[in-house]
Amino acid sequence: MTELGFEPIRPPYVVLNDAPVGEGGTEDLLGTAETARNLAELILASRAAAPFTLAVDARWGMGKSSLMRTLSSTLENNEPDAVSTVWFNAWTSARADAVEGLIKSVLFSFDRNVVRRTVRGLLRRTQVVGALRAATLVASSFFGFAHAVDEIWRALALDAKSRNEIKAVVRDMAQDWLARGGKGTNRRLLVVFIDDLDRCADDRVFAVCEAIKLYLDVPGIVFVLGCDQVVLGQAVGGTAGAQYLEKIIQVNYPIPAPGEEEAQRLVNGYVEHSGTAHLFDDSMKRLLVERTGRNPRRIKRLINSFVLEHRLNRSWDDLGAKNLVKVVLLQHFYPTFYRNMLSGTDRDPVREFVDYLVFRGFVRQHSEGDPLRWRRLFDAVKLAPPSEDADGAELEASLAELEKQLPVEFPELAGDREFVSLVESLFVDSVEWQRLIQQPLVSQASSFAGPRDLRRLRVLWIDDYPDGNRWPIDQLEAGGAKVESVTDRAGALAALSRLRPNVLISDVRRGDDDKAGFTDLAYLRDNGLYGGPAFFYCGQVTPARVRAAKQLDAEITNDPGELLSLIDESA
Ligand SMILES: Nc1ncnc2c1ncn2[C@@H]1O[C@H](COP(=O)(O)OP(=O)(O)OP(=O)(O)O)[C@@H](O)[C@H]1O
Ligand SMILES: [Mg+2]
């Protein structure tokens, strides 16, 4: 409630759907229409050369289906009488047999009379059909188109020998269909769009390619394949696969990543549609573009994470959507830094980073200093600050000492313009902020793909705040590992003989002791109590901590996904 007693109006941020351009209200923001026009002209001008296959090649979510949909409607609008298009979704097509599904889709595209004449032709070739099938063929040609196509297929697919007839029959049908249309530049053309081939299992990919090559390689048909060729090449088998694909695909159109201007237009369009335009400044938009590899789907997903978070996480209301959107950007693009923010200590990495920047700028660029802020930072890491009249060499030495105690990623982040601008603009001076940044966002992002069989593992986990370890513990247990949590050295000693752990995970700081984890593992190692693999899982990874862990023959991370992968590798 505001002072006036009104509930503040919640801006109507909306989720962006993932429909390809032209569907679900998705508007073309990348000049896909123009590319489609050019490709349509190419196809139409080359129609006498059909059959051929054009591949629309791009990585996941870069706009293959969008371009294919637009190309399909451009072709049909250009020449509604001559051009027919048909879609075959290799992935979602329900038929178990992809070859059958694809060939039938093509047969369905020819008109009734062509199909009827084919039935008659087949009837004459009784060696193909057999007397019994002949009767059903006659019946089905009266009972409807779909039935007739089904019967043609069944007649042909009856035995392996007659399968050889398929191409001949399809060729006859295509020729018949072509002859019924215009000539020369008005010649008929059937464009078959096959989307999502790269999502299919290897044998299905192979079957579809074989269908194109063996059965459907007939005049008048052009195939447009939507796929990531890297994935497709792997599906049909390494280098040999690439050569095989060259036989199937004659023209390859790789969709380029959007250029600078296009990418800007895309992001502007998306934030506009989702109602979030006022929350993103130019630098944040640049982050969205560059950190997603200019991938439209990734950009949408990121904006959607914010919209979801804003709906579900009401505690952000007071600090505002502007800060929340920045935290979401940090979570996705700077996960290590974001995890530092959640580390649950009384230190605030955002403020520490900004203080560090000021000191670094003073040492390196002789920018204005602020001794008060350095003192705060040096105090936090328990180092003596440089004296007020320190010379250049002393300041450099202080900076080097400081960096050993700060998170490993700080020096690199200091050179990242977008990151600096994001962090400098965060609202940090409030208790509310301190409380909020320590709560994880609703939508957690993790890269861990799931453990292998971990039943061999007996994990001892030492941490005075075990609550933060719920997710990795669940994952370990899901893999079959036995996990026991204790909060201190005494607990660990008691658990050792009972559990006989073969993996040890520990925090670093416990209570006021900044090095408790290191001292305890050293104790266990020195007394021959535990010699197995050990991992430190903590909020901040600093160069000093990395060195200390290495001395104990242990790994250190603040990424739960990485922790699990490390354990998985050692298992
Ligand atoms: N020209 C465009 N303008 C605006 N948004 C676009 C454009 N092209 C693609 N997109 C958006 O990008 C996302 C991915 O597009 P699309 O589904 O066409 O990609 P794809 O390469 O087919 O993906 P997949 O690899 O999953 O098959 C969709 O949300 C779509 O709306
Ligand atoms: Mg697609």
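Only a predicted model underlies this, so the values are computations on that prediction, with no experimental measurement involved.

About the criteria used
- Every chain is numbered independently, its residues counted from 1 as its sequence is written.
- Written order determines the labels here, with chains lettered from A and ligands numbered from 1.
- Reporting in this predicted model follows two pLDDT cut-offs: at least 70 for local features of residues, and 80 or more for side-chain atom pairs to be given and counted; totals over whole chains, interfaces and linings ignore these cut-offs and use all residues.
- Hydrogens and waters are ignored; side-chain quantities use all the structure's heavy atoms.
- Only runs of H or I of at least four residues qualify as helices and only runs of E of at least two qualify as strands under DSSP, and these elements are numbered from the N terminus.
- Only protein chains enter the accessibility calculation, which uses a 1.4 Å probe. A residue is then buried if its area is under 20% of the maximum for its type, exposed if over 50%, and partly exposed in between.
- Contact between two residues is taken to exist if any of their heavy atoms lie within 4.5 Å; hydrogens are not considered.
- In this description, accessible areas are obtained by the Shrake-Rupley approach with a 1.4 Å probe, and a residue is regarded as covered only by the protein chains that are shown.
- An expected span of 1.5 Å times one less than the residue number is assigned to each helix.
- Any residue with a heavy atom lying within 4 Å of a molecule or strand is counted as near it.
- Think of a polar contact as two N or O atoms within 3.5 Å of one another; within protein, one of them needs to be a possible hydrogen donor and the other a possible acceptor, and neighboring residues in sequence only count if both atoms come from side chains.
- Gly falls in the polar group here, along with every residue not listed as nonpolar (Ala, Val, Leu, Ile, Met, Phe, Trp, Tyr, Cys, Pro) or charged (Asp, Glu, Lys, Arg).
- Pairing between strands is defined by DSSP: at least two bridges between the two strands are required.
- Lines fitted to C-alpha atoms define the axes, with helix axes restricted to the stretch in contact, and inter-axis angles between N-to-C directions lie between 0 and 180 degrees.
- Think of pLDDT as the predictor's per-residue confidence, scored from 0 to 100.
- Salt bridges are defined by distance alone: a side-chain nitrogen of Lys or Arg within 4 Å of a carboxyl oxygen of Asp or Glu.

Visitor: Describe the overall build of the protein chain, listing the residues and the values that go with them.
Guide: A count of helical and extended segments in the protein chain gives 28 helices and 10 strands. Counting across all 571 residues of the protein chain, residues that qualify as buried make up 50%. Sequence-distant contacts in the protein chain: of pairs separated by 6 or more residues, those separated by 24 or more amount to 74%. With an accessible surface of roughly 27,500 Å², the protein chain has 51% of that area assigned to carbon and sulfur atoms.

Visitor: Describe helix α9 (residues 165–179), naming the residues involved and giving the relevant values.
Guide: Since the α-helix turns once every 3.6 residues, residues separated by three or four places project in the same direction. Spanning 15 residues, α9 covers 21 Å between terminal C-alpha atoms, matching the ideal 21 Å at 1.5 Å per step. Here α9 has its buried residues at I166, V169, V170, M173, A174, D176, W177 and L178.

Visitor: Tell me about the site of ligand 1, residues and numbers included.
Guide: Taken together, 25 residues surround ligand 1, and among them D18, A19, S66, R199 and K300 come closest. Within the backbone of E27, one N or O atom sits 3.5 Å away from a nitrogen atom of ligand 1. Residue assignment for the shell around ligand 1 shows that the elements contributing at least two residues are α2 (64–78), α13 (260–274) and α15 (296–312). Considered class by class, the residues forming the shell around ligand 1 number nine nonpolar, seven polar and nine charged.

Visitor: Hey, could you go over the sheet that holds strand β8 (residues 503–506) for me, with residue numbers and the actual values?
Guide: The strand order across the open sheet formed by five strands is β7-β6-β8-β9-β10, and the pairing between neighbours is parallel. Strands with a single pairing partner mark the edges of an open sheet, and in this sheet they are β7 (482–486) and β10 (554–557). With strand direction ignored, the average angle separating the axes of adjacent strands in the sheet is 20°. Sheet analysis places β8 next to strand β9 (residues 534–537), joined by three bridges and oriented parallel. Bridging from a neighbouring strand, S506 pairs with F536 of β9. The sheet contacts of helix α28 (residues 560–570) involve β6 (458–462), β8, β9 and β10, and relative to β9 the element is tilted by about 180°.

Visitor: So what's going on with the sheet that holds strand β3 (residues 189–195)? Residues and values would help.
Guide: Pairing is parallel across the open sheet formed by five strands, whose spatial order is β2-β3-β4-β1-β5. Only two strands of the sheet have a single neighbouring strand rather than two, namely β2 (83–89) and β5 (251–254). Averaged over all pairs of adjacent strands, the angle between their axes in this sheet comes to 20°, without regard to strand direction. Pairing between strand β1 (residues 52–57) and strand β4 (residues 221–227): six bridges, direction parallel. Note that in β4 the partner of A55 across the bridge is L225.

Visitor: Explain the confidence of the model for the protein chain to me, using residue names and the numbers behind them.
Guide: Per-residue pLDDT for the protein chain averages 85, and the proportion of residues at 70 or more is 88%. Under a pLDDT of 50 for its full length, residues 1–7 has, in the predicted model, four contacts with residues more than four places off or in other chains.

Visitor: Give me the pattern of salt bridges: which residues, what numbers.
Guide: As enumerated under the stated definition, the model contains 28 salt bridges in all. When the shortest N-O distance is used, the salt bridge between E100 and K104 registers 3.1 Å. One end of the pair is E100 and the other is K104, both in helix α3 (residues 98–109) and four residues apart, which spans about a single turn. According to the relative accessible area criterion, K104 is buried, its value standing at 5%. Its salt-bridge partner being R291, residue D416 comes within 3.1 Å of it at the nearest N-O pair. Of this pair, D416 sits in the loop between α21 (410–414) and α22 (417–424) while R291 is found in helix α14 (residues 282–291), placing the two residues 125 residues apart along the sequence. Given the relative accessible area of 15%, D416 is considered buried. Residues joined in a network through salt bridges with shared partners are R489, D507, R510 and D520.

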